[in-house]
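# Geometric and topological summary
Here are the chains, one letter per residue:
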Amino acid sequence: MRKKLSVDHDLKSEETTLEEIFYKNFNKRRIDVNDVYHDQKRRRTSEVHPKSSQINDVITNESRSSTSDVIQAVERLSTNSDLVADGSRDNGLPTVAGKHKDLMAILPETMSAVLNGDYDHHIDHLTVIDCRYPYEFEGGHIRGAINLYTKDSIRNFLNETMTSSEKNHVIVFHCEFSSERGPKMYRHLRSLDRESNKDSYPQLNFPEVYLLEGGYKEFYHQFQDQCFPQKYVPMLQQEHVDDLRHFRVKSKSWAAGDKPRHRSRLSKSAGSSLRLTF
């Protein structure tokens, strides 16, 4: 009897020990599972909500990359004078070293060739901007040109003209001699264009812009048949003294709201495919 009780006691003790071991291991495993779950949750949270130091590192790296891109663009543009102003491609028209070294200039012969359609394979849209005063423009201008002679009219042109990176819109500025008014408006357009694209330098709405060397006077003397009407009215013509005084004041003080005064009544000869646009 004593032996049987001893065996029962030993079996009960062993069962208790096994039960304790089971629950101990079970609880430990449950703790391990919870630890893994919380660890994964922390990782996911960390991925979704990075620490401020990680955010700063990303911003710093992006800033360095952006600065590097700008430096490379400046170097590319400063070492290659044949590129358009955003560095995206070569100039489509042959240029010359004009009076204004900071501006791309073309000869009257090139302007004539453009009007004849010789560069249609390169130019999708062409805008010739005549910066002379209205009485000069009305007295004779390049066929298809528009008359913009104030800074506000240039701003409106930039804001209202649709552009596309897939279309090559070429602009040619000029005045009587392309000595003062034309270059001034050329630089003003470029300045406004840079300002509107300051967050994506060197991108521009109008990267390919030229100045007509010698201005309307030189072009008229060589290619009168491409002018309308076929006349030339100098700015200082005596009969327009009052007009000169009026438009000089107007060009310096006129507020916003100035729109292109004229667009030439373009008369294209058969076979030409020149496309003019604002």
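Before reading further, recall that the structure is shown in the block above.
Starting from 1, residues in each chain are numbered consecutively following that chain's sequence as written. Local features in this predicted model are restricted to residues of pLDDT 70 or higher, and side-chain atom pairs are both shown and tallied only at a pLDDT of 80 or more, whereas totals for entire chains, interfaces and linings draw on every residue. For side-chain calculations, the full set of non-hydrogen atoms in the structure is used, while hydrogens and water are omitted.

## What about the packing of aromatic side chains?
Quick reminder of the rule: Any two rings among Phe, Tyr and Trp, with Trp reduced to its six-membered ring, count as a pair given centres within 6.5 Å; such a pair is stacked if its planes are under 30 degrees apart, edge-to-face if over 60, and tilted if neither. Classification of residues uses two cut-offs on accessible area relative to the type maximum, computed with a 1.4 Å probe and protein chains only: under 20% is buried, over 50% is exposed, and between them is partly exposed. Under the scheme used here, helices are H or I runs from DSSP no shorter than 4 residues and strands are E runs no shorter than 2 residues, and both carry numbers assigned from the N terminus.
Overall, the coordinates contain eleven aromatic pairs when judged by the stated rule. Judged by centre distance (6.5 Å) and plane angle (35°), the ring pair of Y133 and Y135 falls under tilted. Judged by its relative accessible area of 6%, Y133 is buried. A ring pair is formed by Y216 and Y232, whose centres lie 6.0 Å apart and whose planes are at 55°; its orientation type is tilted. With Y216 in helix 7 (residues 215–222) and Y232 in the loop between strand 7 (227–228) and helix 8 (241–253), the pair connects residues that are 16 residues apart, well separated along the chain. Y216 gets classed as buried once you look at its relative accessible area, which sits at 0%.

## Topic: the nonpolar core
Applicable threshold: The criterion is simple. A nonpolar core is a set of buried Ala, Val, Leu, Ile, Met, Phe, Trp, Tyr and Cys residues joined through side-chain atoms within 4.5 Å. Residue contacts are defined here by distance: any two heavy atoms, one from each residue, within 4.5 Å place the two residues in contact.
Core analysis: the largest hydrophobic core is formed by 23 residues, its most contacted members being L93, M111, L126, I142, V172 and F219. When residues of this core are traced back to their parent elements, those giving at least two are helix 3 (108–115), strand 2 (125–130), strand 5 (169–174), strand 6 (209–212) and helix 7. Among the elements that line this core, the one with the most residues is helix 3, at four residues. When residues no more than four places from it in sequence are discounted, the contact partners of V172 are I106, M111, L126, T127, V128, I129, Y210 and L212. Grouped together as the second largest cluster of nonpolar side chains are 18 residues, C131, F157, L189 and V209 included.

## Digging into the packing of helix 5 (residues 151–160) against helix 6 (residues 181–196)
The line we're drawing: Every axis corresponds to a line fitted to the C-alpha atoms, with the helix fit spanning only the stretch in contact, and the corresponding angles, defined between N-to-C directions, vary from 0 to 180 degrees. Angles below 35 degrees are treated as roughly parallel, those above 145 as roughly antiparallel, those between 65 and 115 as roughly perpendicular, and all remaining angles as oblique. For any pair of crossing helices, the crossing counts as left-handed if the nearer helix is rotated counterclockwise from the farther one by less than a right angle, and right-handed if it is rotated clockwise. Classes in brief: Ala, Val, Leu, Ile, Met, Phe, Trp, Tyr, Cys and Pro nonpolar; Asp, Glu, Lys and Arg charged; the others, Gly included, polar.
For the pair helix 5 and helix 6, the least separation of the axes is 10 Å and the interaxial angle reads 45°. On the basis of the axis angle, helix 5 is oblique to helix 6. For the pair helix 5 and helix 6, the crossing hand works out as right-handed. Where helix 5 abuts helix 6, its residues K151, I154, R155, F157 and L158 lie against K184, M185, H188, L189, L192 and D193. Looking at the contact of helix 5 with helix 6 residue by residue, the classes come out as six nonpolar, one polar and four charged.

## A short note on unusual backbone geometry
Along the chain, Y201 connects to P202 via a cis peptide bond; the corresponding omega equals 5°. Inspection of the secondary structure assignment puts P202 in the loop between helix 6 and strand 6. The amide bond that connects F228 to the next residue, P229, takes the cis arrangement and shows omega of -15°. You can see P229 is positioned in the loop between strand 7 and helix 8. A positive phi angle is found at S178, which is not glycine, with a value near 55°. Relative accessible area serves as the criterion here: at 2%, S178 is assigned to the buried category.

## Topic: the sheet that holds strand 4 (residues 146–147)
Stated precisely, the cut-off is as follows: If DSSP finds at least two bridges between two strands, the strands pair.
The five strands are arranged 1-6-5-2-4 in an open sheet whose pairing can be described as parallel. Two strands in the sheet have a free side with no partner beyond their single neighbour: strand 1 (105–106) and strand 4. In this structure, strand 2 lies alongside strand 5, joined through six bridges in parallel fashion. If you follow H125 over to strand 5, its bridge partner there is H169.

## Details of helix 5
Among all positions in helix 5, only D152, S153, I154, N156, F157 and L158 are buried. Packing partners of the buried residues in helix 5 comprise strand 2, strand 4, strand 5 and helix 6.

## Some words on the layout of surface pockets
Quick note on the threshold: Two kinds of site are reported from a 1 Å grid over the protein atoms alone, namely cavities, where a 1.4 Å probe fits but cannot get out, and pockets, open sets with protein on both sides within 12 Å along at least five of seven lines, and residues are called lining when an atom falls within 4 Å of a point. Grid points are joined across faces, edges and corners, and a volume is the space filled by probe spheres set on the points.
The volume enclosed by the largest pocket comes to roughly 410 Å³. Forming the boundary of the largest pocket are 24 residues, of which D102, L103, M104, Y186 and R190 lie nearest the centre. For the lining of the largest pocket, the leading source of residues is helix 6, giving four residues. In the lining of the largest pocket, the residues fall into twelve nonpolar, six polar and six charged. In this structure, the second largest pocket spans a volume of roughly 340 Å³. Every residue lining the second largest pocket is counted, 16 residues in all, and those nearest its centre are Y133, E180, R181, M235 and R248. The set of elements that each furnish at least two residues to the lining of the second largest pocket consists of helix 6 and helix 8. Considering only residue class, the lining of the second largest pocket consists of seven nonpolar, two polar and seven charged.

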